[in-house]
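Observations on the three-dimensional arrangement
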Amino acid sequence: MQHPRYIVITGASSGIGLACAQRLAEKGHHLLLGARRIDRLQNFCATHPTCQFGYLDVTDRNSIHAFVKEQEVWLKQANGLINSAGLALGTEPLQTSLEEDLITMVDANVKGLFSVTRALLPFLLGHGKGGDIINIGSIAGVFPYRTGSVYGATKAAVQVFTHALRMDLGGTGIRVSVVEPGKVDTEFSLVRFHGDAARAQKAYEGYRPLQADDIAATVDFMLSQPPHVTIQQVLITATDQVSATDVVPVSL
Ligand code: NAP
């Protein structure tokens, strides 16, 4: 078995973050899980003894600092961070979009991810043994699409942040990477459509989307590389997804 790691996962209550937690816990890694729906994290940790959790709202600086303070002892061993907390809100062009949605996306996907990373860096650097930071970006940050201006821009920010942070951390042994998924069947669309379950369901109909565990498998593969190997950036889509928005179901 791989040496057990100590990995923080944000957005661990659902989707990609939860799938990463499941996969990495099964391998015996020690995990610290953060999200706002702590009932979900509590249920997960009840059946996964190497895991613990804390309330974390990445849009709230006080919450980030409280999370760090509460978990200080555990964090001294931290050698991994998976930033999965994030969201898209709305599918309107900017001119008819809700300002509140814009602010929330920027607060969570950009300011939240940056601030969580900054707050955890002293711990990741403290033991001097290297580690991993894996940010979940999006295909939307690579290939812009109509109605995706703000969401795409937040994910483009995640990509640039990733590559520049790698430079800041040069020589420390901390690998910094970004995973940029296409359509993944999670609660992402339910959130994006403000809780409209029927519409969210339709987003994954008529083709075979990625599942959250497909992304978790990629993250696990990246973490499992020997220390001299960094997979800097991964763009991953369903085979049926041929652009940021188009799907053409495989007909084999
Ligand atoms: P999801 O199932 O809706 O999960 C989103 C996670 O983010 C939840 O655990 C949620 O936890 C957390 N989160 C949202 N706002 C938060 C906040 N303010 N503070 C802390 N946690 C917060 O969606 P997902 O697909 O797994 O999304 C995970 C990441 O993948 C996001 O960054 C998303 O942009 C990216 N992504 C998704 C897709 C896709 O098609 N699904 C494609 C490309 C990229 P709580 O609500 O409990 O706080």
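Below is a short write-up of the structure.

Analysis parameters
- Residues numbered from 1 in each chain as written.
- Predicted model: local features only at pLDDT ≥ 70, side-chain atom pairs only at ≥ 80, totals over all residues.
- Heavy atoms only, no water.
- Helix = DSSP H or I, 4+ residues; strand = E, 2+ residues; numbered from the N terminus.
- Buried < 20%, exposed > 50% of the residue type's maximum accessible area, 1.4 Å probe, protein only.
- Contact = heavy atoms within 4.5 Å.
- Salt bridge = Lys/Arg side-chain N within 4 Å of Asp/Glu carboxyl O.
- Near = heavy atom within 4 Å.
- Polar contact = N/O pair within 3.5 Å; in protein donor to acceptor, adjacent residues only side chain to side chain.
- Areas by Shrake-Rupley, 256 points an atom, 1.4 Å probe, with all protein chains shown as cover.
- Nonpolar A, V, L, I, M, F, W, Y, C, P; charged D, E, K, R; others polar.
- Pairing = 2+ DSSP bridges.
- Right-handed = clockwise from strand over helix to strand, strands pointing away.
- Expected span 1.5 Å × (residues − 1).
- Phe/Tyr/Trp six-rings, centres within 6.5 Å; stacked < 30°, edge-to-face > 60°.
- Lys NZ or Arg CZ within 6 Å of the ring centre and 35° of its normal.
- Axes fitted to C-alpha atoms, helices over the stretch in contact; angles between N-to-C directions.
- Parallel < 35°, antiparallel > 145°, perpendicular 65-115°, else oblique.
- Left-handed = near helix turned anticlockwise from the far one by under 90°.

Here Ile 139 shows up in the loop between β5 (131-136) and α6 (149-168). Overall, Ile 139 belongs to the buried group, its relative accessible area being 6%. In sequence terms Ile 139 and Glu 180 are 41 residues apart; their C-alpha atoms lie 5.2 Å from each other. Contact partners of Ile 139, with chain neighbours within four places excluded, come to Glu 180, Pro 181, Gly 182, Leu 235, Thr 237, Gln 241, Ser 243 and Ala 244.

Turning our attention to the pattern of salt bridges. Oppositely charged side chains are able to pair whenever their charged atoms sit close together. The final tally for this structure, using the stated rule, is nine salt bridges. The shortest N-O distance in the salt bridge between Arg 40 and Glu 187 comes to 3.0 Å. One end of the pair, Arg 40, is in helix α2 (residues 38-46); the other, Glu 187, is in the loop between β7 (184-185) and α7 (188-192), and 147 residues separate them in sequence. Its relative accessible area of 30% is what places Arg 40 among the partly exposed residues. Shared partners join several salt bridges into a network, and the residues in it are Arg 23, Lys 27, Asp 213 and Asp 220.

Let us look at the site of the ligand. Around the ligand sit 29 residues, and of these Ser 13, Ser 14, Arg 36, Tyr 151 and Thr 186 come closest. Taking Thr 186, its side chain carries an N or O atom lying 2.6 Å from an oxygen atom of the ligand. Across the complex, the protein chains shield 96% of the 880 Å² of accessible surface that the ligand would expose by itself. Among the residues forming the shell around the ligand, the class breakdown is twelve nonpolar, eleven polar and six charged.

Within strand β2 (residues 30-35), five of the six residues are buried, which leaves the element mostly enclosed by the surrounding structure. Where β2 meets strand β3 (residues 51-55), five bridges bridge the pair, whose relative direction is parallel. Pairing of Leu 32 across the sheet is with Gln 52, part of β3. Handedness of the crossover is the feature at issue here: the chain leaves β2, passes through α2, returns alongside β3, and the resulting connection is right-handed.

Turning to the environment of Arg 192, a few remarks are in order. With respect to the helices and strands, the residue Arg 192 is situated in helix α7. According to the relative accessible area criterion, Arg 192 is buried, its value standing at 9%. On a C-alpha basis, the gap between Arg 192 and Asp 101 in space is 9.4 Å, while along the polypeptide they are 91 residues apart. Once you skip the residues sitting within four places of it in the chain, Arg 192 turns out to touch Ala 88, Leu 89, Gly 90, Thr 91, Tyr 145, Thr 147 and Tyr 151.

Moving on, we come to helix α1 (residues 15-26). For α1, which comprises twelve residues, the first-to-last C-alpha distance of 17 Å matches the rise-based estimate of 16 Å (1.5 Å per residue) to within 8%. Looking at α1, one finds that the buried residues are Gly 15, Ile 16, Gly 17, Ala 19, Cys 20, Ala 21, Leu 24 and Ala 25. Where α1 terminates, the next one or two residues include Gly 28, which has phi positive at roughly 90 degrees.

Counted under the stated rule, the structure contains three aromatic pairs. Taken together, a centroid distance of 4.3 Å and an interplanar angle of 20 degrees make the contact between Phe 114 and Phe 161 stacked. Taken together, the residues Phe 114 in helix α5 (residues 99-126) and Phe 161 in helix α6 connect sequence positions 47 residues apart. By relative accessible area, Phe 114 is classed as partly exposed at 27%. Above the plane of the ring of Tyr 151 lies Arg 192, whose end atom (NZ or CZ) is 5.5 Å from the centre. One cation-aromatic arrangement involves Arg 199 over Phe 193; the distance from NZ or CZ to the ring centre is 4.1 Å.

The subject of this paragraph is the packing of α5 against α6. Contact geometry for α5 and α6: axes closest at 8 Å, N-to-C directions at 15 degrees. One way to sum up the angle between α5 and α6 is to call them roughly parallel. Pair α5 / α6 crosses with right-handed handedness. Judged by residue contacts, Leu 102, Met 105, Val 106, Asn 109, Val 110, Leu 113, Phe 114, Thr 117 and Leu 121 of α5 engage Val 150, Tyr 151, Thr 154, Lys 155, Ala 157, Val 158, Phe 161 and Leu 165 from α6.

Two pairing modes exist for strands in a sheet, parallel and antiparallel, and in both the strands are linked by backbone hydrogen bonds. The seven strands lie next to each other as β3-β2-β1-β4-β5-β6-β9, forming an open sheet whose pairing is parallel. Of all the strands in the sheet, the pair left with one neighbour each is β3 and β9 (233-236). Direction aside, the axes of adjacent strands within the sheet are offset by 15 degrees on average. Lying over the sheet, α1 contacts β1 (6-10), β2, β3, β4 (80-83), β5 and β6 (174-181), oriented at roughly 160 degrees with respect to β1. Each of β1, β4, β5, β6 and β9 touches helix α9 (residues 212-223); the most contacted strand, β6, lies at about 160 degrees to it.

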